[in-house]
Amino acid sequence: MSSLTYVVPDAWTMLRRNLKHLLRYPIMMIVYVGQPIFVLLMFVGVYGNALGASAPGTDYIEFAAPGVILITVNFGCTTTAFNVSTDMTSGIVSRFRTMSISRAAILGGHVLESLIRTMASVLVVVVACLLLGYRSSGGILGWVAALALVALLSFAVTWLVVALTLAAKTLQQATSNTLIFQFLPFFSSAFVPTDTMPAVVSWIARYQPLTPIIETIRELLAGTSVGTSGLAALAWCVGIGVVGFLWSIRLFGRDAVPAGAH
């Protein structure tokens with residue numbers, strides 16, 4: 001019998017456990033969804049007229065919406081880091097290690113819960129964008145492809161966040177390690193074109209991972225041809241996911257004292 005036979009049901013059990021924790025504290029979901037909506041209202045409602053002058057197109061929300069969707073993914077990193085770190089420091093993982101449970105499934109439960117939570121939040125943010133006047137020319141296929149790319153990014157980034165959390169020694173360090181994911185969208189093409197930025201910032205924004213992903217989502221939803229940004233977006237997602245997964249499994253399988261237990 002293959003190891004997958006054990007991993008899948010164990011991961012499903014851990015997913016149900018994590019979803020029950022999420023439902024038990026709905027205020028966390030409200031805060032999580034509220035953050036990107038606040039950013040959307042701030043940039044579109046307050047700064048939209050000024051920023052729209054430097055962005056291509058007639059309606060600034062059409063330019064900014066893909067970036068806000070990506071921010072929703074990144075804001076979820078703190079919640080995932082908190083959940084994983086809490087499990088590692090509370091002693092529950094030590095109990096899991098003594099049971100007949102796949103170690104990959106323990107982490108997989110957190111990743112799947114994060115993916116479901118993130119995509120639910122993305123749908124709420126999309127509705128908010130539509131209410132503010134966002135319109136897509138990409139049709140159903142464009143939306144499906146864009147949301148699939150968002151899901152792939154969420155899956156990949158979550159594994160990297162899990163790895164960074166396992167490498168941390170305290171809950172504070174674990175959450176601090178995720179700050180880069182929250183700030184990275186603001187140094188991308190999310191809200192203004194990269195060629196309008198100062199030279200050094202423009203170079204960083206042009207070659208960082210989120211810019212080609214944002215550009216690809218923007219192209220898919222606009223119904224235009226996806227150029228080289230599509231390949232770059234997929235390469236970044238796969239690369240981040242592979243590194244995060246392998247690093248997470250390696251850290252979780254070590255025989256050292258769990259993070260925060262000393």
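Just so it is clear, the structure is predicted and the values come from calculations on it, not from any experiment.

Rules behind the numbers
Residues numbered from 1 in each chain as written. Predicted model: local features only at pLDDT ≥ 70, side-chain atom pairs only at ≥ 80, totals over all residues. Heavy atoms only, no water. Helix = DSSP H or I, 4+ residues; strand = E, 2+ residues; numbered from the N terminus. Rg over C-alpha atoms; globule rule 2.2 N^0.38 Å. pLDDT = per-residue confidence, 0-100. Contact = heavy atoms within 4.5 Å. Phe/Tyr/Trp six-rings, centres within 6.5 Å; stacked < 30°, edge-to-face > 60°. Buried < 20%, exposed > 50% of the residue type's maximum accessible area, 1.4 Å probe, protein only. Polar contact = N/O pair within 3.5 Å; in protein donor to acceptor, adjacent residues only side chain to side chain. Salt bridge = Lys/Arg side-chain N within 4 Å of Asp/Glu carboxyl O. Disulfide = S-S within 2.5 Å.

(A) Representation of the overall build of the protein in the model. Of regular secondary structure, the protein possesses twelve helices and zero strands. Overall, the protein shows an N-to-C arrangement of helices and strands of α-α-α-α-α-α-α-α-α-α-α-α. Taking 18 Å as the expected radius of gyration for a compact globule of 262 residues, we find that the protein reaches 19 Å, a close match to that expectation. Overall, the protein is about 60 × 40 × 35 Å in size when its C-alpha atoms are taken along their principal axes.

(B) Representation of the confidence of the model for the protein within the structure. Across the protein, the average pLDDT comes to 84, with 91% of residues at or above 70. Residue range residues 255-262 is modelled with pLDDT below 50. Its contacts to residues more than four positions away, or to other chains, number eleven contacts.

(C) Here's a closer look at the environment of Leu153. Summarising the element assignment, Leu153 is placed in helix H7 (residues 139-167). Sequence spacing of Leu153 and Ile240 is 87 residues, and the spatial spacing of their C-alpha atoms is 8.4 Å. Residue contacts for Leu153: discarding those within four places in its chain leaves Leu70, Val73, Leu210, Ile213 and Cys237.

(D) The arrangement of the packing of aromatic side chains in detail. Evaluated as defined, the whole model comprises nine aromatic pairs. Where Phe155 meets Trp159, the ring centres are 6.4 Å apart and the plane angle is 85°; that geometry is what we call edge-to-face. With Phe155 and Trp159 both in helix H7 and four residues apart, the pair spans about one turn of that helix. By relative accessible area, Phe155 is classed as partly exposed at 36%. Given the relative accessible area of 6%, Trp159 is considered buried. Judged by centre distance (5.4 Å) and plane angle (50°), the rings of Trp203 and Tyr207 are tilted. Taken as a pair, Trp203 and Tyr207 lie in helix H10 (residues 199-207) at a separation of four residues, close to a single helical turn. The exposed category is assigned to Trp203, whose relative accessible area is 54%.

(E) Structural context of the environment of Val124. With respect to the helices and strands, the residue Val124 is situated in helix H6 (residues 103-131). Taking relative accessible area as the criterion, Val124 reaches 38% and is therefore assigned partly exposed. In the structure, Val124 is positioned 55 residues away from Ile69 in sequence and 9.8 Å away in space, judged by C-alpha atoms. In this structure Val124 touches Val33 and Ile37, once residues within four positions along its chain are discounted.

(F) A look at the side chain of Thr158. Locating Thr158 in the fold gives a position in helix H7. A polar side-chain atom of Thr158 sits 3.3 Å from a polar atom in the side chain of Ser114. Apart from the residues lying within four places of it in its own chain, the contact partners of Thr158 are Thr80, Val111 and Ser114.

(G) A look at the pattern of salt bridges. Scanning the model with the defined rule gives three salt bridges in all. In this structure, the salt-bridge partner of Arg17 is Asp87, at a minimum N-O distance of 2.9 Å. In this pair, Arg17 is assigned in helix H1 (residues 3-24) and Asp87 in helix H4 (residues 60-90), connecting sequence segments 70 residues apart. Put simply, Arg218 and Glu215 hold a salt bridge, and the shortest N to O gap is 3.1 Å. With Arg218 and Glu215 both in helix H11 (residues 210-222) and three residues apart, this pair spans about one turn of that helix. Under the relative-accessibility criterion, Glu215 is labelled partly exposed at 25%.

(H) The state of the cysteines, seen in detail. Taken as a whole, this structure holds zero disulfides when the rule is applied. Free of any disulfide, Cys129 has its nearest neighbouring cysteine sulfur in Cys77, separated by 19 Å. We classify Cys129 as buried; its relative accessible area is 2%. The thiol sulfur of Cys237 is not disulfide-bonded, and the nearest other cysteine sulfur, from Cys77, lies at 13 Å. By relative accessible area, Cys237 is classed as buried at 1%.

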